[in-house]
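So the chains spell out like this:
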Amino acid sequence: MAGSPNKPSPPRWLLAELTYACPLQCPYCSNPLNYASIDKELSTDDWKRVLKQSREMGAVQLGFSGGEPLTRKDLTELVSYSHDLGYYTNLITSGYNMDEAKILELKKAGLDHIQVSIQASSKELNDFIAGTKSFEHKKTVARLIKKHGYPMVLCVVLHRENIHQMKEILEMAIELGADFVELANTQYYGWAHHNRDQLMPTQQQLNDAEVIANEYQVSQKGKMKIYYVVPDYYEGRPKACMNGWGTTFLTIAPDGLALPCHSARQLPNFDCPSVNDFSIQEIWNESKAFNYFRGDAWMKEPCRSCKDKDKDFGGCHCQAFLLTGDAHNADPACNLSPQHHTITDAIASAEQPTEQALLFRNSKNSKLLKN
Amino acid sequence: MSVQPGKTIQLSPTYRLQWEQAQNMFVLLYPEGLVELNQSSAEILKLCKDDNTLSDIVSVLEQKFSSTGLEPDIINFLNTALDNGWITQ
Ligand code: SF4
Ligand code: SF4
């Protein structure tokens, strides 16, 4: 690996994607479309090495995600190990198959926080979107999480099918005792990109939802924190990429690939390094992938001479690649991008309902797509 | 929100204050969040515990740094911390 002259800032965030296995089938999943063919998983010892090396470099926030991290038999062992290393440990889960014994066991191991996702505020819609019967169980799990003293983030991914439930979703969050609510508008990578036409809300839906979110932000102040981010498609300016590429976030995929962002493995010829071949220090400081979009030398116009280039870093490179075919282009969510029409066209076509059915995230569909 | 002089001040239960060797600074940790603290903010937050009130915090810090007139800055910071939910009264 080539050396780089300036030492980058250390990673602060480690996202450990323990597995792609998941009992749910959300059609907006950000996992790669071909996940079913990536079946090698890191061992417990591999993960411990990654956790230790990342912690030594400065990572302190740790998310266990997936897929569904609860499907890993060594989850409690990894939580306990991370806790001893001094991480703040977050479990990002669908809650599926979680029971009180597991919640207690993880608490004892030192788990700091649990984020539970719910797909909608009604049973029918939740179970439809999740592709699995899970609504009542998720609510029970959320109550147990609070019962045992964890802080809880309730996460609901928003899209055309559920965004009209905004008010009911927030009422449900209050009823369940959530400390934080993350109302995450779908970001169109992976499966979500494949299903974009069916998932994109209309402008009117978004406007209505935003009004309600703002109302609740005011009325819940000091009780429940509500995060609602306007989706970049509708904003005219892109979101900052990962707080700057290779400055803060490190994602490790289930097979050990180290990613500057969770979507980076879809960039062609990008050669993300694997923890099977390199230490975290080599990966973070020296690998081509992590250095690739650091700084602004890689930029093309209009970003290169733009006054906002230190604010959004040219936006999302994965989105630029998905929509323009070249990751070096400005994120087309930016209205200064010559390809901004790819976004406005998509918004316009979202006004027309589509006949196409949602493609659910499961191994069968993953394998079908590959061929 | 503004801090009330007579009342005790604690770090909120969902927040954790921690020294980070690699960054050589204190950080505040909470669900999926991280705030990197400068030295003065960290000194104040370290004292948000036990039965400390505003005047306790001011006098401890004025003694520690052998200076006076720190109160306005401390109040400013505590108000922000209250607004962010980092501390409670
Ligand atoms: S031109 Fe590039 S740097 Fe400027 S706002 Fe758009 S994406 Fe950001
Ligand atoms: S390129 Fe996009 S998807 Fe990738 S890290 Fe940046 S913001 Fe995320």
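Now for a description of the structure that goes with this document.

How each quantity is defined
- Residues numbered from 1 in each chain as written.
- Chains lettered and ligands numbered in written order.
- Predicted model: local features only at pLDDT ≥ 70, side-chain atom pairs only at ≥ 80, totals over all residues.
- Heavy atoms only, no water.
- Near = heavy atom within 4 Å.
- Nonpolar A, V, L, I, M, F, W, Y, C, P; charged D, E, K, R; others polar.
- Contact = heavy atoms within 4.5 Å.
- Buried area = accessible area lost by both parts, 1.4 Å probe.
- Salt bridge = Lys/Arg side-chain N within 4 Å of Asp/Glu carboxyl O.
- Polar contact = N/O pair within 3.5 Å; in protein donor to acceptor, adjacent residues only side chain to side chain.
- Helix = DSSP H or I, 4+ residues; strand = E, 2+ residues; numbered from the N terminus.
- Pairing = 2+ DSSP bridges.

### Quick look at the site of ligand 2
Turning to step 1, where the next piece is worked out: The environment of ligand 2 is formed by A:Y189, A:K239, A:C241, A:M242, A:W245, A:C261, A:S263, A:C316, A:H317 and A:C318.
Turning to step 2, where the next piece is worked out: Looking at side-chain class alone, the shell around ligand 2 contains seven nonpolar, two polar and one charged residues.

### Re the interface of chain A and chain B
Turning to step 1, where the next piece is worked out: Taken together, the contacts link 23 residues of chain A with 16 residues of chain B.
Turning to step 2, where the next piece is worked out: Broken down residue by residue, the surface that chain A buries against chain B is led by A:R12, A:V60 and A:Y88, which jointly contribute 27%.
Turning to step 3, where the next piece is worked out: On the surface where chain A and chain B come into contact, there are four salt bridges.
Turning to step 4, where the next piece is worked out: One salt bridge in this structure joins B:E36 and A:R12, with 2.7 Å as the shortest N-O distance.
Turning to step 5, where the next piece is worked out: Counting every contact that joins chain A to chain B gives 10 residue pairs in polar contact (both at pLDDT 80 or more).
Turning to step 6, where the next piece is worked out: Elements represented by at least two residues in the side of chain A that touches chain B include exactly α1 (44–57), β3 (88–93), β4 (113–117), β6 (180–185) and β7 (225–228) of chain A.
Turning to step 7, where the next piece is worked out: Tallying contributions element by element places α1(A) first for the side of chain A that touches chain B, with three residues.
Turning to step 8, where the next piece is worked out: Within the side of chain A that touches chain B, the residues separate by chemical class into 10 nonpolar, six polar and seven charged.

### Considerations on the sheet that holds strand β2 (residues 61–65) of chain A
Residue and element names in this part refer to chain A.
Turning to step 1, where the next piece is worked out: Read across the sheet, nine strands follow the order β7-β6-β5-β4-β3-β2-β1-β8-β9 without closing on themselves; strand pairing throughout is mixed. Of all strands in the sheet, those with a lone pairing partner are β7 and β9 (258–259), marking the two edges.
Turning to step 2, where the next piece is worked out: The pairing of strand β1 (residues 13–17) with β2 spans five bridges and is classified as parallel. Among the inter-strand pairings, L15 is bridged to a residue of β2, identified as G63.

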